[in-house]
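Each chain is listed here by its residues.
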Amino acid sequence: MKPEEVMFHLNCRAEDIGKYVFLPGDPGRADFIAGYLDDARLIGRNREFTIWTGSLDEVPVSVVSTGIGGPSAVIAMEELVMCGADTFIRVGTCGGMQSEVPAGQLVVPTGAVRMEGTSREYMPIAFPAVPDFSLTCALVRAAKELSMPYVTGVVQCKDSFYGQHSPERMPVANRLIDDWNAWIAAGVLASEMESAALFVTASVLHVRCATVLNMIWNQEREKKYGIDTVPQLDMDAAVRTAVHAMRAIIKDDKGRK
């Protein structure tokens, strides 16, 4: 791309974007994460994409919201890579699937079930959706160093929020329910909507991507134990973990030069 070229969806230029990028879904969460950057400035807001750029340890870092789901998340990643970004940490939310894991814990995915459609336009379904190993390790170290409760493992990614939460009213209810029970039996930790598409796209584009999630609710725990779960909506733990990990990656990258 030409340096002055404006991205079609993000409405930004290469000069606006740092090499390191946080990818929240919620535009409001982008504003929150930007508060952790030095000298953050608002680049723009277009559709679901809110963009901030500032710095961590004197290195340019951006925050770009992706909206809900794989299609818009991958549009953001594609255009950010065109702008020169190559390191991404998704900061999002998820719903728990294992009854022993309470809401409020962090989930650092080591892989994702590709029950969404976007990644299938990049690679056949046999290709695994896995995050960058170094970024994932950095997130785990950050959670430990900050004394954040966390779990690691596989997450499930889907396109339909209500297909998960109201499967019984769908014409394909039997398949949805059978799949859900299979994921639980295999130990899948949580359900969300973006990581599988981002992991596969990152692999194809040869960039780094990993995810940290705040488990806001666990419907299986509530179902099994009858616990009245209060949604854990405070994103501070996930954001602090992501920022701590990104600082470590930036330091490590500097050391390799």
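The following paragraphs examine the structure supplied in this document. Keep in mind that this is a model prediction, so the values were computed, not measured.

**Describing unusual backbone geometry**
For step 1, the next point in the chain: Notably, Asn11 is not glycine yet its phi reads approximately 60°, a positive angle.
For step 2, the next point in the chain: Here Asn11 is to be found in the segment before strand E1 (20–24).
For step 3, the next point in the chain: Phi at Asp39 is positive, roughly 55°, even though this residue is not glycine.
For step 4, the next point in the chain: With respect to the helices, strands and loops of the structure, Asp39 is situated in strand E2 (residues 38–46).

**Re the packing of aromatic side chains**
For step 1, the next point in the chain: Scanning the entire structure with this criterion turns up two aromatic pairs.
For step 2, the next point in the chain: On the basis of an interplanar angle of 80° and a centroid distance of 5.8 Å, the ring pair of Phe32 and Tyr36 is categorised as edge-to-face.
For step 3, the next point in the chain: Take Phe32: its relative accessible area is 37%, and that puts it in the partly exposed class.
For step 4, the next point in the chain: With a centroid separation of 5.0 Å and 80° between ring planes, the pair formed by Phe161 and Tyr162 is classed as edge-to-face.
For step 5, the next point in the chain: Accessibility expressed as a relative area gives 39% for Phe161, which makes it partly exposed.

**Quick look at the layout of surface pockets**
For step 1, the next point in the chain: Its boundaries defined by the atoms lining it, the largest pocket holds a volume of some 460 Å³.
For step 2, the next point in the chain: Lining the largest pocket we find 22 residues, and of these Thr93, Cys94, Phe161, Met193 and Ile216 sit closest to its centre.
For step 3, the next point in the chain: Only strand E5 (87–96), helix H4 (161–165), strand E8 (190–192) and strand E9 (208–218) provide two or more residues apiece to the lining of the largest pocket.
For step 4, the next point in the chain: Estimates place the volume of the second largest pocket at around 380 Å³.
For step 5, the next point in the chain: Together, 18 residues line the second largest pocket, and Met115, Ser160, Gly163, Gln164 and Leu176 are the ones closest to its centre.
For step 6, the next point in the chain: For the lining of the second largest pocket, the secondary structure elements donating two or more residues are strand E7 (150–158), H4, helix H5 (173–185) and helix H7 (219–225).
For step 7, the next point in the chain: The biggest single contributor to the lining of the second largest pocket is H5, with five residues.
For step 8, the next point in the chain: Taken together, the residues that form the lining of the second largest pocket break down as six nonpolar, seven polar and five charged.

**Some points on the pairing of strand E6 (residues 106–115)**
For step 1, the next point in the chain: With eight of ten residues buried, E6 lies mostly within the body of the structure.
For step 2, the next point in the chain: Here E6 pairs with E7 via nine bridges, running parallel. Each bridged residue has a counterpart across the sheet, and for Gly111 the counterpart in E7 is Val154.
For step 3, the next point in the chain: Where E6 meets E9, two bridges bridge the pair, whose relative direction is antiparallel. Note that in E9 the partner of Val107 across the bridge is Leu213.

**Some words on helix H1 (residues 27–34)**
For step 1, the next point in the chain: Among the residues of H1, Arg29, Ala30, Ile33 and Ala34 are the ones counted as buried. Looking straight down H1, one finds that the buried residues subtend no more than 145° of arc, so they occupy a single side.
For step 2, the next point in the chain: Each element contacted by the buried residues of H1 is listed here: E1, E2, strand E3 (49–56), strand E4 (59–64), E5 and helix H8 (236–256).
For step 3, the next point in the chain: The N-cap residue of H1 is Asp26: its side-chain oxygen and the backbone nitrogen of Gly28 are 2.9 Å apart.

**Regarding the pattern of salt bridges**
For step 1, the next point in the chain: The tally for this structure, following the rule as stated, stands at nine salt bridges.
For step 2, the next point in the chain: For the salt bridge of Lys223 with Glu220, the shortest nitrogen-to-oxygen distance reads 3.1 Å. Residue Lys223 and its partner Glu220 are both found in helix H7; the two are separated by three residues, about one turn of the helix.
For step 3, the next point in the chain: A residue is classified by how much of its surface remains accessible, and Lys223, at 59% relative accessible area, is exposed.
For step 4, the next point in the chain: The class for Glu220 is buried, based on a relative accessible area of 11%.
For step 5, the next point in the chain: In the salt-bridge network here, residues are joined through shared partners; they are Arg90, Glu192 and Glu194.

Calculation notes
Residues numbered from 1 in each chain as written. Predicted model: local features only at pLDDT ≥ 70, side-chain atom pairs only at ≥ 80, totals over all residues. Heavy atoms only, no water. Helix = DSSP H or I, 4+ residues; strand = E, 2+ residues; numbered from the N terminus. Phe/Tyr/Trp six-rings, centres within 6.5 Å; stacked < 30°, edge-to-face > 60°. Buried < 20%, exposed > 50% of the residue type's maximum accessible area, 1.4 Å probe, protein only. 1 Å grid on protein atoms, 1.4 Å probe; cavity = no way out; pocket = protein on both sides within 12 Å on 5 of 7 lines; lining within 4 Å. Points joined across faces, edges and corners; volume = space filled by probe spheres on them. Nonpolar A, V, L, I, M, F, W, Y, C, P; charged D, E, K, R; others polar. Pairing = 2+ DSSP bridges. Arc of directions from axis to C-beta. Contact = heavy atoms within 4.5 Å. Polar contact = N/O pair within 3.5 Å; in protein donor to acceptor, adjacent residues only side chain to side chain. Salt bridge = Lys/Arg side-chain N within 4 Å of Asp/Glu carboxyl O.

All quantities given are derived from atomic positions and should not be read as evidence of function.
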